[in-house]
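Listed below are the residues making up each chain.
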Amino acid sequence: MLFDVLCAMFIPWTLAGTALVLLVYYAWTKTRLKYEGSNIPPFPAPAKPFLGHTMLMKGDVLENFDWMRKKAGDIFSLNILGQHLVVVHGYENIREVLVTHAEVTLDRPVDMSSQVLREENHGLFSSRGANWKEQRAVTHSILREFGMGKNLMEEKVAAEVQVFLKTLAGLDGKPVDLSSITSPAVCNIICSMAIGERFDYNDEYFRRMMENSNAFFVNAPPVWVFNAAAFFRMLPGDMFGIKEWEARITDLHTNFCKFQVNKVKEKTEEGEEPKNFIAAYLQEMNKRAKGEKATFLDEPNLVSIIKSLLVAGTETSSTTINWCVLYCLHHPRVQEKVFEEIQAHVGTSRPPSISDMSKLRYLTAVIRETQRLCSVGPISARVVTDSFQLGGFLIPKDSQVMLNYVSAHQDEDVWENPKEFYPERFLDADGELVKRNELVPYGVGRRVCVGEALARIELDLFLAAMFQKFQFKPEDPTAELPPLKGYLSLTLSPEPFKVRLLERKL
Ligand code: HEM
């Protein structure tokens with residue numbers, strides 16, 4: 001009898017205890033690195049049981065990387081819940097990873113961001129291997145066809161710049177959060193290229209989609225959450241805003257990208273000359289489908305490419321323009337110097353064009369210095385598909401590599417006073433532009449920004465026109481200027497600030 005009672009009491013406890021031990025053992029094996037003990041890059045601190053170095057990714061990741069680098073050197077390892085992460089600093093090391101070892105560092109990790117984008121091996125951002133190669137080549141060739149880097153694209157940007165200037169002039173010097181106007185302006189350029197349509201800045205549907213698109217970078221949860229996203233998603237409520245983030249991207253995916261692809265498909269007659277990116281892709285897709293070679297071109301890839309272009313092409317350009325204005329608030333001398341240069345070489349009776357840029361060297365130096373100091377895309381990530389050696393260390397297969405572009409842009413051995421805004425560093429004694437290899441705002445290697453040529457035109461034309469027409473003044477001249485420390489999400493943007501744009505009396 002007593003034996004039966006004891007059995008009834010102890011068997012469930014024994015089973016529960018055994019299950020717990022097995023669970024702990026499973027978690028322990030899952031959160032240990034496979035290659036620990038071999039010649040992998042050093043850790044900046046001992047790993048905590050189970051969590052590894054996850055907590056070191058909390059807070060300002062870039063600041064955290066700075067002290068870890070001081071402890072462990074330019075290339076160090078982290079254990080993020082069992083995922084081996086190698087963090088790489090310095091221009092030469094970044095080049096070695098992305099150029100010398102390009103064959104094994106081409107793919108981005110499949111993490112929460114690619115799942116949220118609904119791009120598991122689709123589109124451009126998250127596609128891999130042969131699919132990425134074909135999507136990238138087709139995107140590049142369509143963008144080139146539409147004149148990216150040539151006149152047609154310049155015309156589209158110049159037309160949008162005029163609407164943008166009118167909107168700014170309409171503010172009559174009242175303080176404004178500039179990003180609320182630069183964002184729809186640059187988003188419109190992607191829209192007119194992708195779907196052949198632009199929208200009114202106040203159009204509700206357009207604003208919702210643009211905000212959804214910006215949310216991908218700006219509302220992204222902290223990086224350390226990415227690897228445990230599946231767990232956080234199961235919890236009630238919305239920890240770290242993951243569900244809200246997903247909902248926005250799903251809205252963009254379904255109600256803009258997919259919707260617009262169907263709309264263009266319905267409107268386009270067979271054999272008609274394509275007038276926008278979607279029509280050109282569909283034409284190429286149909287052509288290849290009839291050919292003998294297998295093709296990855298299909299509609300799900302097209303929908304994702306439109307999303308990649310919107311997401312990657314809106315927040316980045318708009319934020320760079322906002323950084324430039326913020327630096328000029330801190331350095332009023334710079335904006336006067338740019339204005340004088342424009343006055344001397346272009347005048348004030350017509351808007352500056354791309355062909356003027358070869359004479360607007362100081363403005364070019366200001367744009368380069370803005371891109372160096374703000375590092376809008378501060379970090380790139382890759383998954384390692386085969387082991388390689390870097391700086392004498394083993395970078396094992398299946399590890400992830402994080403490349404810190406800020407370390408290239410603010411390297412004290414390369415740039416004098418790297419934290420200072422000093423456009424003159426890009427000019428020689430004769431005022432000629434100096435090429436600096438270590439400036440890589442569009443990335444390095446085969447996966448560099450596919451929209452670089454368009455982004456350059458946008459920055460040149462938007463900023464030249466703004467400097468020509470307006471003086472940038474602080475919201476309150478008696479108050480402290482807005483801070484220069486960036487807010488890190490997947491991009492690095494200024495804390496929201498307001499500026500007054502006073503029309504120059506010409
Ligand atoms: C100032 C503006 C811009 C900056 C600073 C910028 C920067 C970057 C960077 C750093 C990358 C990642 C490179 C890497 O992973 O190593 C990237 C990728 C990308 N960018 Fe941009 N970008 C800008 C504008 C644009 C525009 C206007 C478009 C669209 C037309 C665009 C489309 C893309 C796409 C689709 C990718 C992914 C390419 C791939 O994985 O093959 N970007 N960009």
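For every chain, the first residue of the written sequence is number 1, and numbering continues from 1 along that sequence. Given that this is a predicted model, residues contribute local features only at a pLDDT of at least 70 and side-chain atom pairs are listed and counted only at 80 or more, while totals for whole chains, interfaces and linings are drawn from all residues. Hydrogens and water are ignored here; the side-chain numbers use all heavy atoms of the structure.

As recorded in an unreviewed UniProt entry, the chain goes by the name Cytochrome P450, listed as coming from Elysia chlorotica. Turning to the chain, the UniProt record has this under Cofactor (unreviewed entry): "heme". UniProt positions are given in the numbering used here, feature names are shortened, and annotations may be inferred rather than shown by experiment.

Draft legend 1. Up close: the overall build of the chain. Within the chain one finds 17 helices and 10 strands. Relative to the 2.2 N^0.38 estimate, which gives 23 Å for 506 residues, the radius of gyration of the chain is 25 Å and therefore close to what a compact globule would have. The C-alpha extent of the chain, read off along each of the three principal axes, is 100 × 60 × 45 Å. Pairs at least 24 apart in sequence give 74% of the contacts found in the chain among residues at least 6 apart. Roughly 23900 Å² of accessible area belongs to the chain as shown, and the carbon and sulfur atoms make up 56% of that amount. The charge count includes Lys and Arg as positive and Asp and Glu as negative, but it does not include His or the ends of the chains. All charge positions are set by atom: Lys at NZ, Arg at CZ, Asp at CG, Glu at CD. With 58 positive and 64 negative side-chain charges, the chain shows a spacing of 1 Å between the two charge centroids. Going along the chain from the N terminus, every DSSP run of H or I of four or more residues is numbered as a helix, and every run of E of two or more is numbered as a strand. The globule rule used for comparison is 2.2 Å times the number of residues to the exponent 0.38, while the radius of gyration itself is calculated over C-alpha atoms. It only takes one pair of heavy atoms within 4.5 Å for two residues to be counted as in contact. Using a 1.4 Å probe, the Shrake-Rupley method yields the accessible areas, and only the shown protein chains count as cover for residues.

Draft legend 2. Highlighting the UniProt feature "binding site: heme" (unreviewed entry) in the chain. Mapped onto the present numbering, the UniProt feature "binding site: heme" (unreviewed entry) falls on C449. Of note, C449 is situated in the loop between helix 16 (405–409) and helix 17 (452–469). Once you skip the residues sitting within four places of it in the chain, C449 turns out to touch R136 and Y442.

Draft legend 3. Main features of the side chain of T314. Relative to the helices and strands, T314 resides in helix 13 (residues 299–330). The classification of residues rests on relative accessible area computed with a 1.4 Å probe and restricted to protein chains. Under 20% of the type maximum is buried, over 50% is exposed, and intermediate values are partly exposed. Judged by relative accessible area, which is 0%, T314 ranks as buried. Beyond its immediate chain neighbours, meaning those up to four positions away, T314 contacts S183, V186, C187, I190, M210, S213, N214 and L309.

Draft legend 4. Spatial organisation of the site of the ligand. Nearness here has a simple test: a residue counts as near a molecule or strand if at least one of its heavy atoms is within 4 Å of that partner. The environment of the ligand is formed by 25 residues, the closest being R108, W132, R136, R447 and C449. Contact between the ligand and Y405: an oxygen atom at 3.2 Å from a side-chain N or O atom of the residue. Measuring from an oxygen atom of the ligand, one finds a side-chain N or O atom of R447 at 2.8 Å. Listed by contribution, the elements that provide at least two residues to the shell around the ligand are helix 5 (129–145), helix 13, strand 3 (379–383) and helix 17. For the purposes of these results, a polar contact is taken to be a pair of N or O atoms within 3.5 Å, where, inside protein, one atom must be able to donate a hydrogen and its partner to accept one; residues adjacent in sequence count only when each atom of the pair is a side-chain atom.

Draft legend 5. Spatial organisation of the nonpolar core. Counting residues in hydrophobic clusters, the biggest one holds 101 residues, and the most contacted among them are F277, M466, F467 and F472. Among the elements that line this core, the one with the most residues is helix 13, at 15 residues. Filtering out sequence-adjacent residues up to four positions away, F467 remains in contact with C324, C328, Q335, V338, F339, I342, L363, V366, F472 and R504. Throughout, nonpolar core names a set of buried Ala, Val, Leu, Ile, Met, Phe, Trp, Tyr and Cys residues whose side chains join them through atoms within 4.5 Å. Formed by 18 residues, the second largest nonpolar core is a distinct cluster that contains I94, V104, F388 and L390.

Draft legend 6. Main features of the sheet that holds strand 1 (residues 75–80). Pairing between strands is defined by DSSP: at least two bridges between the two strands are required. Overall, mixed pairing links the four strands, which are arranged 1-2-6-3 in an open sheet. Of all strands in the sheet, those bounded by a partner on one side alone are strand 1 and strand 3. Ignoring which end each strand starts from, the neighbouring axes of this sheet average 25° apart. Here strand 3 pairs with strand 6 (residues 400–404) via five bridges, running antiparallel. Paired with I379 across the two strands is N404, which belongs to strand 6. Lying over the sheet, helix 2 (residues 61–72) contacts strand 1, strand 2 (83–89), strand 3 and strand 6, oriented at roughly 120° with respect to strand 1. Note on method: axes are straight lines fitted to C-alpha atoms, helices fitted across the in-contact stretch only, with angles between N-to-C directions ranging 0 to 180 degrees. Running at roughly 140° to strand 6, helix 3 (residues 91–100) makes contact with strand 1, strand 2, strand 3 and strand 6 of the sheet.

Draft legend 7. Region of the structure containing the packing of helix 6 (residues 151–170) against helix 17. Viewed as axis vectors pointing N to C, helix 6 and helix 17 meet at an angle of 35°, and their least axial separation amounts to 10 Å. Crossing geometry of helix 6 relative to helix 17 is assigned as right-handed. Contacts between helix 6 and helix 17 involve M153, E154, V157, A158, E160, V161, F164, L165 and L168 from the first element and L454, I457, E458, L461, F462, A465, M466 and K469 from the second. Lys, Arg, Asp and Glu make up the charged group, whereas Ala, Val, Leu, Ile, Met, Phe, Trp, Tyr, Cys and Pro make up the nonpolar group; the residues left over, Gly among them, are polar. Of the residues belonging to the contact of helix 6 with helix 17, the class tally is 13 nonpolar, no polar and four charged. Less than a right angle of anticlockwise turn of the near helix away from the far helix marks a crossing as left-handed, whereas a clockwise turn marks it as right-handed.

Draft legend 8. Inspection of the side chain of S380 at higher detail. Inspection of the secondary structure assignment puts S380 in strand 3. Residue class for S380 comes out buried when judged on its relative accessible area of 16%.

Draft legend 9. The packing of aromatic side chains, seen in detail. Aromatic rings from Phe, Tyr and Trp, with only the six-membered ring used for Trp, were paired whenever their centres fell within 6.5 Å, and each pair was classed as stacked if the ring planes differed by under 30 degrees, edge-to-face if by over 60, and tilted otherwise. In total, this model carries 12 aromatic pairs according to the counting rule given. Judged by centre distance (5.0 Å) and plane angle (10°), the ring pair of F199 and F206 falls under stacked. In this structure, F199 and F206 share a single accessibility class: buried. Taking 5.2 Å as the distance between ring centres and 50° as the angle between the ring planes, the aromatic pair formed by F467 and F472 counts as tilted. Accessibility assignment for this pair places F467 and F472 in one class, buried. Taken together, the ring pairs in this structure connect F199, Y205, F206 and F256 into an aromatic cluster. Here R108 stacks its cationic end above the ring of F125, 4.6 Å away from the centre of that ring. Ring-over charges, as used throughout, are those where CZ of Arg or NZ of Lys falls within 6 Å of the ring centre and within 35 degrees of the ring normal. Sitting above the plane of the F339 ring, R504 keeps its charged end 3.9 Å from the centroid.

Draft legend 10. Spotlight on the pattern of salt bridges. Counted as salt bridges are all cases of a side-chain nitrogen of Lys or Arg within 4 Å of a carboxyl oxygen of Asp or Glu. Taken as a whole and judged by the stated rule, the model has 23 salt bridges. Put simply, K275 and E272 hold a salt bridge, and the shortest N to O gap is 2.7 Å. For K275, a relative accessible area of 60% gives the class exposed. Several salt bridges share partner residues, and in doing so they unite E134, E284, K287 and R288 into one network.

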